[in-house]
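If you want the building blocks of each chain, they are given just below.
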Amino acid sequence: MPETISIIPRPKYLRMGNGRFTLNQVSTIACSGEGALAVGHLLAYYLRPATGFAFPVTEGHASGTIRLEATGTATPDEAGFVDERYTLTVNDAGVSVKAQNATGLTRGIQSLRQLLPTAIMADAVQEAEWVLPAVEIEDAPRFRWRGQHLDVSRHFFTVDEVCQFIDFLALHRLNICHLHLTDDQGWRIEIKKYPRLTEIGSRRESTLIGHESDRPRRYDQTPYGGFYTQEEIKQIVDFAARRHITLVPEIDMPGHMVAAIIAYPELGNFKTETRVRCHWGISQSVLNVEESTIAFMKDVLAEVMALFPGRFIHVGGDEAPKFEWSESERAQARMAELGLHNEEELQSWFIRQMDSYIAASGRRLIGWDEILEGGLAAGAAVMSWRGEEGGIEAASHGHDVVMAPNQRVYFDHYQSEPTANEPLAIGGLTTLASVYAYDPMPEALSEKHRHHVLGGQGQIWTEYIPTMEHVEYMGFPRICALAEVLWLEKERKDYADFRQRLYRHRERLDYLGVNAHPE
Ligand code: ACM
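So, a few notes on the structure that sits alongside this text. (Residues numbered from 1 in each chain as written. Predicted model: local features only at pLDDT ≥ 70, side-chain atom pairs only at ≥ 80, totals over all residues. Heavy atoms only, no water.)

A closer look at the side chain of His256
Part 1: Positionally, His256 belongs in the loop between strand 16 (246–253) and helix 6 (258–263).
Part 2: Polar contacts involving the side chain of His256 include one to the side chain of Asp318, which spans 3.4 Å.
Part 3: Here Glu319 takes part through its side chain, which lies 2.8 Å from a polar atom of the side chain of His256.
Part 4: Every residue in contact with His256, bar those within four places of it in the chain, is listed here: Arg154, Thr182, Asp183, Asp184, Asp318 and Glu319. (Helix = DSSP H or I, 4+ residues; strand = E, 2+ residues; numbered from the N terminus. Polar contact = N/O pair within 3.5 Å; in protein donor to acceptor, adjacent residues only side chain to side chain. Contact = heavy atoms within 4.5 Å.)

A word on the nonpolar core
Part 1: Ranked by size, the top nonpolar core spans 151 residues in total, and within it Ile66, Leu68, Leu150, Trp187, Ile189, Tyr228 and Met253 carry the most contacts.
Part 2: At 9 residues, the largest contribution of residues to this core is made by helix 3 (residues 159–171).
Part 3: Discounting residues that sit within four places of it in the chain, Leu68 has contacts with Ile29, Ala30, Cys31, Ser32, Ala36, Val39, Gly40, Leu43, Val97, Leu105 and Ile109. (Core = buried A, V, L, I, M, F, W, Y, C linked by side-chain atoms within 4.5 Å. Buried < 20%, exposed > 50% of the residue type's maximum accessible area, 1.4 Å probe, protein only.)

Details of the sheet that holds strand 7 (residues 131–139)
Part 1: If you trace the 7 strands from one edge of the open sheet to the other, you get 1-7-5-6-4-2-3, paired in mixed fashion. The open sheet has two free edges, formed respectively by strand 1 (13–22) and strand 3 (57–59), since each of these has just one partner strand. Sheet twist, expressed as the average angle between the axes of neighbouring strands with direction ignored, equals 20 degrees. (Pairing = 2+ DSSP bridges. Axes fitted to C-alpha atoms, helices over the stretch in contact; angles between N-to-C directions.)

Looking at the pattern of salt bridges
Opposite charge on two side chains makes pairing possible when the charged atoms of those side chains draw close.
Part 1: Summed over all chains, the structure comprises 30 salt bridges.
Part 2: With its nearest N and O atoms 2.5 Å apart, the salt bridge here joins Asp369 to Arg386. Pair noted here: Asp369 is in the loop between strand 18 (364–368) and strand 19 (381–384) and Arg386 is in the loop between strand 19 and helix 11 (389–396), with a separation of 17 residues, a long-range link.
Part 3: Asp497 serves as the salt-bridge partner of Arg501, at 2.8 Å between the closest nitrogen and oxygen. With Arg501 and Asp497 both in helix 16 (residues 495–512), this residue pair falls 4 residues apart, about one helical turn. Here the two residues Arg501 and Asp497 agree in accessibility, since each one is buried.
Part 4: It is possible to trace a salt-bridge network through shared partners that takes in Arg10, Glu484, Asp497 and Arg501. (Salt bridge = Lys/Arg side-chain N within 4 Å of Asp/Glu carboxyl O.)

Focus on the side chain of Thr293
Part 1: Note on placement: Thr293 falls in helix 7 (residues 291–307).
Part 2: Here Asn288 takes part through its side chain, which lies 2.5 Å from a polar atom of the side chain of Thr293.
Part 3: Once residues within four sequence positions are removed from consideration, Thr293 is found in contact with Glu266, Leu267, Leu287 and Asn288.

Some points on the packing of aromatic side chains
Part 1: Per the counting criterion, the structure on display carries 17 aromatic pairs.
Part 2: A ring pair is formed by Trp385 and Tyr410, whose centres lie 6.2 Å apart and whose planes are at 15 degrees; its orientation type is stacked. You can see Trp385 sitting in the loop between strand 19 and helix 11 and its partner Tyr410 sitting in the loop between helix 12 (406–409) and helix 13 (432–437), a full 25 residues away along the chain. Grouping residues by exposure puts Trp385 and Tyr410 together as buried.
Part 3: One aromatic cluster is present, formed by Trp368, Trp385, Tyr410 and Trp461 through successive ring pairs.
Part 4: When the ring centre of Tyr45 is taken as origin, the NZ or CZ atom of Arg242, which lies over that ring, is 6.0 Å away.
Part 5: Above the plane of the ring of Tyr219 lies Arg275, whose end atom (NZ or CZ) is 5.4 Å from the centre. (Phe/Tyr/Trp six-rings, centres within 6.5 Å; stacked < 30°, edge-to-face > 60°. Lys NZ or Arg CZ within 6 Å of the ring centre and 35° of its normal.)

Below, the structure written as structure tokens:
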């Protein structure tokens, strides 16, 4: 890419033209086609603070300095994704972004922001000449699922913090934000039918100091809590929707449910845990398999589906120890009654109950790769985190998959050596170079199953990440690399070129106040 242009992720096709175009006080944004007006307002929102210009937004085919045109209507494919192609042209006459639909336009304006001087990202008026180089861009993503996950259970982040994080994902043309809303250490979403989930389940008495493996365990003796009301969830959903980012809510079951079991003990098997968990790791405590528990979880999912309009609903399914089920006479009796042979099949049965409920609501279940054990429900999609094997197996059997292998895209891992110079992390080492080198399409997957790989996703688990500032430190610039991995054809990736662009891009992150790792 020419040195003067440093878009991340790199567009598929870019040609420099002759000349330039400069935005000024009288610049306008003209929008036409379905959904274009809202994109125009979003663009104005992005451009006003640093320029101080008004950028009036108009609808219709009127001429404008910046023209946004949606030529058709978004038609979701069988997995719910829409066309994201766009073209972006800058010449002496002005700026034009065209796309089949508003989602494509939204991706286009993120590249447009990156054509301007980096100071455009500032939140106050800057002294700059707002020049755009003459250019022609034709762009489309390689993968449909370009996701980033955030664990808001182990540590809680405010609505504003989550929204700002989503805006940073939008800048990188990602399209999915997966929110891990519940876990042993805190239930973070209001469920009207079961108020104790948040009254009791959103608070823990204390939090572990240091690493899970440290002995003796020490706690900070400080109560910790927080949750999103349904109104607040709607604010986050709206904020993301304006950026054409889909939220994937996760209610992790049947393990990782201690907070819920403490709030409603009838959901559990034994009194394995006595309080909302205050340290990390995997609890033996899991949901029981009573009909009443199945009904409870469906009620929870009903409220979740009413709040989150996206196609995919995540039910976790990871790390559910089978110890309690094998000890429980009730669980063993259920297993016999259902004609199941082992606890893996019981977990599979549990997930199938959720799958049929979610499918009946016109949505699709997705879960971590453990949901493969004991048999997978027909329409379920798999998020492959324990390496690539789960993803390969699921795709080979005709299931859609999202690649999220912990060795490559877990951003709670250390990112540089010596790790002693880094803030405490869970472990591992996932460098920027290694993220960039990752290919979400497994070599081992045969050609005819490749279309089942929807894409990939980065994970930020927050056991050791108590603040949003620290989330940013762990996330960036690894998310910049991930975004390019998911957007750009494998053959076009070039780490040296990426590094050059990242040098400029860091100025943007600085203006945005992102606390990126210096790397
Ligand atoms: C996971 O990291 N337990 C999905």
